[in-house]
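Reading the structure
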Amino acid sequence: MICSSLIYFLAVIIGGFMSTAFIFPGQGAQTAGMGKDFYESFEVSKEVFDRASELLNLDMRALCFEKNDRLDITEYTQAALLTTSVAMLRVLEEKGIRPDVCAGLSLGEYCALVACKIMSFEDALKTVRQRGIFMQEAVPAGVGAMCAVIGLDNAVIKELCDSVEEVFVANYNCPGQTVISGKKEAVETASEKLKEAGAKRCMMLNVSGPFHSPLLSGAGEKLYEVLKDARLEETFDIPYITNVTAEYVTDTKNIRELLKNQVSSSVMWQQSMEKMLENGVDTFVEIGPGKTLAGFMKRIKKDVRMINVSTVEDIEKAVEMLG
């Protein structure tokens, strides 16, 4: 028996009905002050921040709005980013703006699940709070590292990583920008080899662990136990694309396994965007702090409409363009 969601997705994809995608940034987009203007301007955003503070017993306003050391610590960052992005999303929803498809980079995939009405904000928040803790604790500080590789073909990077033990491709962000991850010494060795192979630059990233590598598989296993308590809607009419395969998710029974694997798998972001473009998406709305995903899209395809929603002023522009 074919599920109704799958029938709907096939009709949308084959019929070319897709036009607008909501996309959400991941860890690294956080910045002090994010979401404050939304909190002060929209009741629906205020409710999101207040609910997050209540659920996690954290002062989410202090964490997101004020300069502090905790915002860049993984166990706090992920909950803060999810809260901020959803607070912005709720305003668009309130104004009747609806996506045809969603995706999120790494942590942002949980925002996509909320936008697609597959997972509640409350369950997503409690899950990412634990996700951040598990990822933070998975590898001792200083043992792992990540490095952005600029100006080298993905196939060359993958082949070289396969030749160096304990180095893996973490993110396929866009043409000319790929991130590798693994044991610190191995990543440093691989970066030198990549420069010899023609990379324009190899930049070590200021992160607390070797994210999206098999070194975090233990964190994924712990996360899976938490995901068992998260309720997933069996039917949903807004599709989303998973980081793990860059394919549409059509059945909720696969989502927990995908989210478990996502912690230790490569993020197929470039491939996910190319999939949307193939299916007729011509407008991408980045919801969350910063313009990281817009930058990636410029390298993937220049002539698409890109809308950023990170400030209250952006909301008016978005509604005018999409309403």
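The structure contained in this document is the topic of the report that follows. (Residues numbered from 1 in each chain as written. Predicted model: local features only at pLDDT ≥ 70, side-chain atom pairs only at ≥ 80, totals over all residues. Heavy atoms only, no water.)

**Section: the sheet that holds strand β3 (residues 144-150)**
Where we set the bar: Should DSSP find at least two bridges between two strands, the strands are taken to pair. Where helices and strands are cited, they refer to DSSP runs of H or I of at least four residues and of E of at least two residues respectively, numbered from the N terminus. Note on method: axes are straight lines fitted to C-alpha atoms, helices fitted across the in-contact stretch only, with angles between N-to-C directions ranging 0 to 180 degrees. Whether two residues are in contact is decided by their heavy atoms, any of which lying within 4.5 Å being enough.
With antiparallel pairing, the four strands of this open sheet are ordered in space as β4-β5-β3-β6. Only two strands of the sheet have a single neighbouring strand rather than two, namely β4 (167-174) and β6 (201-204). The sheet shows a mean angle of 25° between the axes of neighbouring strands, direction not considered. With seven bridges joining them, β3 and strand β5 (residues 177-183) adopt antiparallel strand pairing. Across the sheet, residue alanine 145 finds its bridge partner in β5, namely glycine 182. Its contacts with the sheet place helix α9 (residues 184-196) against β3, β4, β5 and β6, and it is angled at close to 145° to β5.

**Some points on the packing of helix α12 (residues 269-278) against helix α13 (residues 292-300)**
Applied cut-off: Convention used here: angles under 35 degrees read as roughly parallel, angles over 145 as roughly antiparallel, angles from 65 to 115 as roughly perpendicular, and any remaining angle as oblique. Each helix crossing is assigned a hand: it is left-handed if the near helix lies turned anticlockwise from the far helix by less than a right angle, otherwise right-handed if that turn is clockwise. Basically, the charged four are Asp, Glu, Lys and Arg, the nonpolar ten are Ala, Val, Leu, Ile, Met, Phe, Trp, Tyr, Cys and Pro, and anything else, Gly included, counts as polar.
At a minimum axis distance of 11 Å, the contact between α12 and α13 shows a crossing angle of 65°. Between α12 and α13, the angle is such that the two are roughly perpendicular. Between α12 and α13 lies a crossing of right-handed hand. When α12 is examined against α13, the residues Trp269, Gln270, Met273, Glu274 and Leu277 are found in contact with a partner set consisting of Leu293, Phe296, Met297 and Ile300. The class makeup of the residues in the contact of α12 with α13 is seven nonpolar, one polar and one charged.

**Thoughts on the packing of helix α7 (residues 121-138) against helix α10 (residues 217-227)**
Orientation of α7 relative to α10, taken along the N-to-C sense of each, is 160°, at an axis distance of 9 Å. Classified by the angle their axes make, α7 and α10 are roughly antiparallel. Pair α7 / α10 crosses with right-handed handedness. Between α7 and α10, the residues in contact are Thr127, Gln130, Arg131, Phe134, Met135 and Ala138 and Ala219, Lys222, Leu223, Val226 and Leu227, respectively. Within the contact of α7 with α10, the residues separate by chemical class into seven nonpolar, two polar and two charged.

Scope: geometric values only; no functional claims are made or implied.
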